[in-house]
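Here are the chains, one letter per residue:
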Amino acid sequence: MVERLSSRRIVVVDFDGTLIDGNSLHIYIRLALRRVGFIKRVRIILWLILRKLHLVSHKQMKFAVLSIIPQSESLRKDFVNAIERTKNGVVARIIEKYRSSGADIILATAAADFYIPWVWDGDYVATRLGDNPTKEECRAEEKVVAVRRYMRPDDVLEAVITDHIDDLPLLLVGARNNILVNPSDMLIRELVAHGVSWHDAREFAQSDIV
């Protein structure tokens with residue numbers, strides 16, 4: 001007889017702009033520019049200029065720049081410290097509320113997969129830097145696919161916590177609670193248009209909902 005796995009309550013948390021007040025890629029590149037040699041610094045800056053001029057996509061720039069930057073222990077330590085300083089305390093409290101109630105937390109981000117374990121202790125889905133020939137980012141519909149792949153058939157999507165309109169497809173899946181961090185007017189309009197309710201993160205953190 002096959003043992004039936006019990007269902008889990010899954011809380012999905014975005015990273016950039018949600019769990020942290022900032023953009024992890026920007027932080028990583030800024031710290032890396034202080035360490036790389038002249039040639040690599042020029043190559044990185046050229047990619048950033050091309051992106052600024054809209055001559056390349058964000059995805060092209062990201063994969064190219066991250067392939068230039070050599071990883072090092074000093075860069076890792078500085079990155080971890082920088083991310084820690086940008087942690088959003090409100091979102092951290094919401095995560096702890098859910099975790100204490102027995103929910104499973106998954107970080108779902110378009111950020112690069114290699115540095116997420118440096119700053120997150122738990123399950124996650126992220127943009128794969130290796131073994132990703134099509135260079136798909138874990139955002140929008142791709143993030144929904146990644147989260148569904150993570151979830152078991154009987155799992156319940158308890159909450160989605162995000163700040164970004166890129167996560168609209170995830171917000172439309174039907175979580176019990178959609179929790180927004182400093183949402184844009186555009187995101188709110190889209191949710192209203194789709195008849196989807198949501199909570200402000202600051203109010204949710206102080207409520208008894210869980």
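Here we summarise the structure given alongside this text. (Residues numbered from 1 in each chain as written. Predicted model: local features only at pLDDT ≥ 70, side-chain atom pairs only at ≥ 80, totals over all residues. Heavy atoms only, no water.)

The next subject is the overall build of the protein. Looking only at helices and strands, the protein has 10 helices and 6 strands in total. Taken against the 2.2 N^0.38 rule, which gives 17 Å for 210 residues, the C-alpha radius of gyration of the protein at 18 Å falls within 12% of a compact globule. Based on the C-alpha atoms only, the size of the protein along its principal axes is roughly 55 × 45 × 35 Å. Sorting the 210 residues of the protein into buried and exposed places 45% on the buried side. In the protein, of all internal contacts separated by at least 6 residues, the share reaching a separation of at least 24 is 63%. Surface accessibility of the protein: about 11,400 Å² in total, with carbon and sulfur atoms responsible for 52%. (Helix = DSSP H or I, 4+ residues; strand = E, 2+ residues; numbered from the N terminus. Rg over C-alpha atoms; globule rule 2.2 N^0.38 Å. Buried < 20%, exposed > 50% of the residue type's maximum accessible area, 1.4 Å probe, protein only. Contact = heavy atoms within 4.5 Å. Areas by Shrake-Rupley, 256 points an atom, 1.4 Å probe, with all protein chains shown as cover.)

Time to look at the nonpolar core. One recurring pattern in soluble globular proteins is that nonpolar side chains are buried together. Ranked by size, the top nonpolar core spans 47 residues in total, and within it Val 13, Phe 15, Tyr 28, Phe 79, Ile 94, Tyr 98 and Tyr 115 carry the most contacts. Broken down by element, this core gets its largest block of residues, 6 residues, from helix H1 (residues 24-33). Contact partners of Phe 79, with chain neighbours within four places excluded, come to Ser 24, Ile 27, Tyr 28, Leu 31, Tyr 115, Trp 118 and Val 119. Within the second largest apolar cluster, 21 residues are counted, among which are Ala 108, Met 151, Leu 170 and Leu 191. (Core = buried A, V, L, I, M, F, W, Y, C linked by side-chain atoms within 4.5 Å.)

Taken as a whole and assessed by the stated rule, the structure comprises 14 salt bridges. A salt bridge links Glu 96 to Arg 99, with the shortest nitrogen-to-oxygen separation between them at 4.0 Å. With Glu 96 and Arg 99 both in helix H5 (residues 89-100) and 3 residues apart, this pair spans about one turn of that helix. Using a relative accessible area of 42% as the deciding quantity, one classes Glu 96 as partly exposed. Between Asp 200 and Arg 202 there is a salt bridge, with its nearest N and O atoms 3.4 Å apart. One salt-bridge network, held together by shared partners, links Lys 62, Glu 137, Arg 139 and Asp 166. (Salt bridge = Lys/Arg side-chain N within 4 Å of Asp/Glu carboxyl O.)

The subject of this paragraph is the pairing of strand S2 (residues 104-112). Within S2, 8 of the 9 residues are buried, leaving the element largely enclosed by the surrounding structure. In the sheet, strand S1 (residues 9-13) pairs with S2 via 4 bridges, with the strands oriented parallel. When the sheet's bridge partners are listed, Val 11 is paired in S2 with Ile 105. With 4 bridges joining them, S2 and strand S3 (residues 123-127) adopt parallel strand pairing. Looking at S3, one finds that Ala 108 is bridged to Val 125. (Pairing = 2+ DSSP bridges.)

A cluster of nonpolar side chains, Phe 38, Ile 39, Val 42, Ile 45, Leu 46, Ile 49, Leu 53 and Leu 55, forms an exposed patch at the surface whose accessible area comes to about 790 Å². Judged by its relative accessible area of 53%, Leu 53 is exposed. (Patch = residues over 30% accessible without salt bridge, like charges linked within 9 Å, V, L, I, M, F, W, Y side chains within 5 Å.)

Turning our attention to the sheet that holds S1. Spatially, the 6 strands line up as an open sheet ordered S3-S2-S1-S4-S5-S6, and their pairing is parallel. Taken across any chain shown, the strands that pair with only one partner, and hence form the sheet edges, are S3 and strand S6 (199-200). Sheet strands in contact with helix H7 (residues 140-150) are S1, S2 and S3, and its direction is about 145° off that of S2. (Axes fitted to C-alpha atoms, helices over the stretch in contact; angles between N-to-C directions.)

Throughout the structure, instances matching the rule amount to 10 aromatic pairs. Both rings, one in Phe 114 and one in Trp 118, keep their centres 5.6 Å apart while their planes meet at 80°; by these two values the pair is edge-to-face. (Phe/Tyr/Trp six-rings, centres within 6.5 Å; stacked < 30°, edge-to-face > 60°.)

This brings us to the packing of helix H2 (residues 38-52) against helix H3 (residues 58-68). Relative orientation of the contacting elements H2 and H3 amounts to 175°, with a least axis distance of 9 Å. If you check the angle between H2 and H3, you find them roughly antiparallel. Contacts between H2 and H3 involve Lys 40, Arg 43, Ile 44, Trp 47, Leu 48 and Arg 51 on the former and, on the latter, His 58, Gln 60, Met 61, Ala 64, Val 65 and Ile 68. Per-class residue counts for the contact of H2 with H3 are 7 nonpolar, 2 polar and 3 charged. (Parallel < 35°, antiparallel > 145°, perpendicular 65-115°, else oblique. Nonpolar A, V, L, I, M, F, W, Y, C, P; charged D, E, K, R; others polar.)

By themselves these figures say nothing about function.
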